[in-house]
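Tertiary structure, described
Listed below are the residues making up each chain.
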Amino acid sequence: MGKNLLIIGASGHGKVVADIALKMGRWESISFLDDNENILQVMGLEVIGKSSDVHQYVKDNDVFIGIGNNAVRKRIHTDLESKHASIPTLVHPTAIIGERVEIEPGTVVMAGAIINCCTSIGKGCIINTGAIVEHDNQVEDFVHLSPGVRLAGTVRVGEGTWLGIGSIVINNITITSESIIGAGAVVVRDIMMAGTYVGVPAKRLSS
Ligand SMILES: CC(=O)SCCNC(=O)CCNC(=O)[C@H](O)C(C)(C)COP(=O)(O)OP(=O)(O)OC[C@H]1O[C@@H](n2cnc3c(N)ncnc32)[C@H](O)[C@@H]1OP(=O)(O)O
């Protein structure tokens, strides 16, 4: 058992992150930081301050960012790295992780997710409940794969991209960075221009 785990963000995503950390049994205690002063306790765990207080805790705590927004998570993660924070990787005990899979710090892999062999997952990613990431994928930093996303073999997802719930990507596809794939979309062609894509097959939403 290690020290305290401090989770930044005590809303829905932060709670699921705490649930996973509790099940991992690696920390003596778990607490939150959240900017909503009205939240004092979540899941019986204490909220001990605001996100801006994190610097006073970096030395003695492991710190994990429980915020779903990719850009916000990236900003805080980059700040924590500059302070040499200890940022763990969280993997739910029911997730299945293949051989030769690399998962960087700050990434959470949720219940029932499957990551097949020879795939790399960057830092600060969310591999949400029941997502399937097939073999030889490259998921770059600060990507969110929502619940039930399915990536076939040899897919590359660029930094900061968000795939909505239940979306599907066929094999050998590249999706560029900072894009949004809508809920239930099916990506059958490379996406090289950042934007929001929806439907079957996925097409760019005009802005
Ligand atoms: C545990 C968790 O909760 S993790 C979070 C999971 N959440 C998700 O997966 C949410 C994913 N988000 C979506 O799918 C959103 O609808 C987005 C991001 C694709 C689009 O959102 P917005 O930019 O706000 O678009 P907006 O709602 O204005 O819709 C624009 C048009 O696209 C259509 N559209 C929006 N989303 C979709 C979709 N997933 N599939 C097909 N069409 C869609 C709308 O019907 C609308 O069409 P219209 O102009 O003909 O009326």
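The name recorded for the chain in an unreviewed UniProt entry is Acetyltransferase, from Paenibacillus albus.

**Description of the site of the ligand**
Surveying the vicinity of the ligand reveals 13 residues, the closest of which are G164, I165, G182, A183 and L205. Contact between the ligand and I165: an oxygen atom at 2.6 Å from a main-chain N or O atom of the residue. A183 is positioned with one of its backbone polar atoms (N or O) 2.9 Å from a nitrogen atom of the ligand. Relative to its unbound accessible surface of 980 Å², the ligand loses 38% to contact with the protein. Of the residues that constitute the shell around the ligand, the class distribution is seven nonpolar, six polar and no charged.

**Structural notes on the nonpolar core**
Counting 27 residues, the largest nonpolar core has I127, L151 and L163 as the members making the most contacts within it. Discounting chain neighbours no more than four positions away, the residues touching L163 are H144, L145, S146, V149, L151, V157, V169, I175 and I181.

**Remarks on the UniProt feature "domain: PglD N-terminal" (unreviewed entry) in the chain**
Mapped onto the present numbering, the UniProt feature "domain: PglD N-terminal" (unreviewed entry) falls on residues 4–79. The span residues 4–79 is 30% helix and 28% strand, and its two end C-alpha atoms sit 20 Å from each other.

**Concerning the sheet that holds strand 20 (residues 174–175)**
The pairing of strands in a sheet happens through backbone hydrogen bonds and is either parallel or antiparallel. Strand order in this open sheet of five strands is 8-11-14-17-20, and the pairing throughout is parallel. Pairing within the sheet leaves two strands with one partner each, and these edge strands are strand 8 (102–103) and strand 20. Across two bridges, the pairing between strand 14 (residues 138–139) and strand 17 (residues 156–157) is parallel. Residue pairing across strands places V139 opposite V157, the latter belonging to strand 17.

**As for the domain arrangement of the chain**
Its domain assignment divides the chain into domain 1 (4–88) and domain 2 (91–200). Taken together, the 16 residues of domain 1 in the interface contact 20 residues of domain 2. Of the roughly 1400 Å² buried where domain 1 meets domain 2, counting both sides, 64% is carbon and sulfur surface. Among the residues of domain 1 in contact with domain 2, I20, N70 and R73 are the three that bury the most area, contributing 35% of the side total.

**Concerning helix 1 (residues 12–24)**
Note that an α-helix has 3.6 residues per turn; residues three or four places apart therefore point the same way. Its 13 residues give helix 1 an end-to-end C-alpha distance of 19 Å, which sits within 8% of 18 Å, the value for a rise of 1.5 Å per residue. Burial in helix 1 covers these residues: H13, G14, V17, A18, I20 and A21. The arc that holds the buried residues of helix 1, viewed along the axis, is 160°, so those residues lie on one side.

**Structural notes on helix 2 (residues 70–82)**
For helix 2, with 13 residues, the first-to-last C-alpha span of 18 Å sits near the 18 Å given by 1.5 Å per residue. Taken together, the buried positions of helix 2 are occupied by N70, R73, I76, H77 and L80. Buried residues along helix 2 cover an arc of 135° about the axis, so they all sit on one side. Seen from the buried face of helix 2, the exposed residues on the opposite side, beyond 90 degrees, are A71 and R75. The N-capping residue of helix 2, defined by a side-chain oxygen 3.0 Å from the backbone nitrogen of A71, is N69. Immediately beyond the C-terminal end of helix 2, within one or two residues, lies H84, with a positive phi of roughly 55°.

Reading guide: rules and limits
- Per chain, residues are indexed from 1 in the order of the written sequence.
- Whole-chain, interface and lining totals are the exception, using all residues; otherwise, since this is a predicted model, local features are given only for residues with pLDDT of at least 70 and side-chain atom pairs are given and counted only at 80 or more.
- Heavy atoms throughout the structure, all of them, feed into the side-chain values; hydrogens and water do not.
- One heavy atom within 4 Å of a molecule or strand makes the whole residue count as near it.
- For this analysis, a polar contact is any N or O atom pair within 3.5 Å, provided that within protein one partner can donate a hydrogen and the other can accept it, and provided that sequence-adjacent residues contribute only side-chain to side-chain pairs.
- Under the convention used here, a 1.4 Å probe and the Shrake-Rupley method define accessible areas, while residue burial counts only the protein chains that appear.
- Three classes are used, and their members are as follows: Ala, Val, Leu, Ile, Met, Phe, Trp, Tyr, Cys and Pro are nonpolar, Asp, Glu, Lys and Arg are charged, and the others, Gly among them, are polar.
- To define a nonpolar core, start from buried Ala, Val, Leu, Ile, Met, Phe, Trp, Tyr and Cys residues and group those joined through side-chain atoms within 4.5 Å.
- Residue burial is assigned from relative accessible area. The probe radius is 1.4 Å, only protein chains are included, and a residue is buried under 20% of its type maximum, exposed over 50%, and partly exposed in between.
- Here, two residues are considered to be in contact whenever any of their heavy atoms come within 4.5 Å of each other.
- UniProt positions are given in the numbering used here, feature names are shortened, and annotations may be inferred rather than shown by experiment.
- A run of H or I in DSSP counts as a helix once it spans at least four residues, and a run of E counts as a strand once it spans at least two, with each numbered from the N terminus.
- For two strands to count as paired, DSSP must find a minimum of two bridges between them.
- Note: domain ranges come from an automatic or database domain assignment.
- What counts as buried area is the accessible surface, traced by a 1.4 Å probe, that two parts surrender upon association, with contributions from both included.
- Expected helix span is taken as 1.5 Å per residue step, with the number of steps being one fewer than the number of residues.
- Directions pointing from the helix axis toward each C-beta atom define the arc.

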